[in-house]
Amino acid sequence: MHRIVVLVSGRGSNLAAVHERCVAEGWPARVVAVVSNRADAAGLAYAAGQGIATAVVGHRDHASREAFDEALARAIDGFAPDLVLLAGFMRILGSDFVRRYDGRLLNVHPSLLPAFAGLHTHRRALAAGCKAAGATVHFVVPEVDHGPIVLQAVVPVLPGDDETSLSQRVLAAEHVIYPLAVRWFVAGQLRVEGGIVRHLGGASQVLI
Ligand code: GRF
């Protein structure tokens, strides 16, 4: 049974997508805790409603980024996770933290990485006149929004799209690929070699 800890800062729709698929499909895994840097994160309320343990590590309660990272790691390690998921976690994590969870820390990002790392991905994709957008699940490395790519989803950019309509289309794709990537992880179907992630069963790692 894989123990999953999810880090959220807000809404928590990706957390919900992973948890619901995990329960519905009976994965050999369980979301054992949700940890947030914000006490008001809706994702925490969702977790509590599901009977999932919660913890808050406020970034403002710590004097430095390093002290915050250490407190966060202590909170996470208290739940003895096999896998840690970033799901809308809006703090940049230092390299010591990232290395501690090497190979068992995933993130979902709302762009087709390596395009549009960072914030405002939809606004930037629209401004660039992109005809396709999407989302990426990747292993986390110290460089923000980089790291071995597990799975990507491609969606069209439609005439008349604005940030809201495009973000909704991409978010719906995130809710498909994040649970799928986690399912592959807990089933031991992923291998990372030379920075490239391969699905051992040959599953397509792009959804279009
Ligand atoms: C998602 O778009 C995710 O890709 C990004 O932050 C957003 C979080 O949404 N990193 P939610 O909290 O999972 O609803």
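Refer to the preceding data block for the structure.
Residues numbered from 1 in each chain as written. Predicted model: local features only at pLDDT ≥ 70, side-chain atom pairs only at ≥ 80, totals over all residues. Heavy atoms only, no water.

### Observations regarding the pairing of strand S6 (residues 132-139)
Counted only if it meets this: Partly exposed describes any residue whose relative accessible area lies between the buried limit of under 20% and the exposed limit of over 50%, with all areas from a 1.4 Å probe on protein chains only and scaled to the type maximum. In this description a helix means any DSSP run of H or I spanning at least four residues, a strand means any run of E spanning at least two, and both kinds are numbered starting from the N terminus. One requirement defines pairing of two strands: DSSP has to find at least two bridges between them.
With seven of eight residues buried, S6 lies mostly within the body of the structure. With four bridges joining them, strand S5 (residues 105-109) and S6 adopt antiparallel strand pairing. The residue bridging His109 from the neighbouring strand is Thr136, located in S6. For S6 and strand S7 (residues 149-156), the ladder comprises seven bridges, and the chain directions are antiparallel. In the sheet register, Val137 faces S7, and the bridge partner there is Leu151.

### Looking at the packing of helix H1 (residues 13-25) against helix H6 (residues 163-186)
This is how it is decided: With axes taken as lines fitted to C-alpha atoms, and helix axes fitted only over the stretch in contact, angles between N-to-C directions fall between 0 and 180 degrees. If an angle is under 35 degrees, it is roughly parallel; if it is over 145, roughly antiparallel; if it lies from 65 to 115, roughly perpendicular; otherwise it is oblique. The hand of a helix crossing depends on one turn: near helix anticlockwise from the far one by less than a right angle means left-handed, and clockwise means right-handed. Two residues qualify as a contact provided that any one of their heavy atoms is within 4.5 Å of a heavy atom in the partner residue.
It is at 9 Å that the axes of H1 and H6 come closest, and there the two elements cross at 50°. As judged from the angle between their axes, H1 and H6 are oblique. For the crossing formed where H1 meets H6, the hand is right-handed. Between H1 and H6, the contacting residues are Ser13, Asn14, Ala17, Val18, Arg21 and Glu25 on the first element and Leu171, Glu174, His175, Val176, Tyr178, Pro179, Val182 and Arg183 on the second.

### Quick notes on the site of the ligand
Condition: Proximity is defined per residue: any heavy atom of the residue falling within 4 Å of a molecule or strand makes that residue near it. Two N or O atoms count as a polar contact when they lie within 3.5 Å, although within protein this holds only if one can serve as hydrogen donor and the other as acceptor, and sequence-adjacent residues are included solely when both atoms are side-chain atoms. Computed with the Shrake-Rupley method and a 1.4 Å probe, the accessible areas treat only the protein chains shown as cover for residues. Grid spacing is 1 Å over the protein atoms alone, the probe is 1.4 Å, and a cavity is where that probe fits but cannot get out, while a pocket is an open set with protein on both sides within 12 Å along at least five of seven lines and lining residues have an atom within 4 Å of a point. A molecule is counted as occupying a cavity or pocket when more than half of its atoms fall within 2 Å of that pocket's grid points.
Every residue lining the ligand is accounted for by Arg11, Gly12, Ser13, Asn14, Gly88, Val108, His109, Pro110 and Glu174. A distance of 2.5 Å separates an oxygen atom of the ligand from a polar side-chain atom of Ser13. Considering the ligand on its own, with 360 Å² of exposed area, one finds that the protein chains cover 85% of that surface. Among the detected pockets, the ligand sits in the largest pocket. When residues of the shell around the ligand are traced back to their parent elements, those giving at least two are H1 and S5.

### Regarding the layout of surface pockets
So the rule is basically this: Grid points are joined across faces, edges and corners, and a volume is the space filled by probe spheres set on the points. Residue polarity is assigned by list, with Asp, Glu, Lys and Arg as charged and Ala, Val, Leu, Ile, Met, Phe, Trp, Tyr, Cys and Pro as nonpolar; anything else, Gly included, falls into the polar class.
The space that makes up the largest pocket amounts to roughly 1,000 Å³. Around the largest pocket sit 38 residues that line it, and Gly88, Met90, His109, Pro110 and Leu119 are the ones nearest its centre. Among the elements that take part in the lining of the largest pocket, H6 stands out by supplying four residues, more than any other. When the residues that make up the lining of the largest pocket are grouped by side-chain class, the tally is 16 nonpolar, 14 polar and eight charged.

### Concerning the sheet that holds strand S10 (residues 206-207)
Two modes of strand pairing occur in sheets, parallel and antiparallel, and in both the strands are linked by backbone hydrogen bonds. What the eight strands build is an open sheet, ordered S3-S2-S1-S4-S5-S6-S7-S10; its pairing is mixed. The open sheet has two edge strands with one neighbour each: strand S3 (53-56) and S10. With three bridges connecting them, strand S4 (residues 83-86) and S5 associate as parallel partners. Bridge pairing links Leu86 to Asn107 in S5. On the sheet, H1 packs against strand S1 (2-8), strand S2 (29-36), S4 and S5 and is oriented at approximately 160° with respect to S2.

Geometry only, nothing functional implied.
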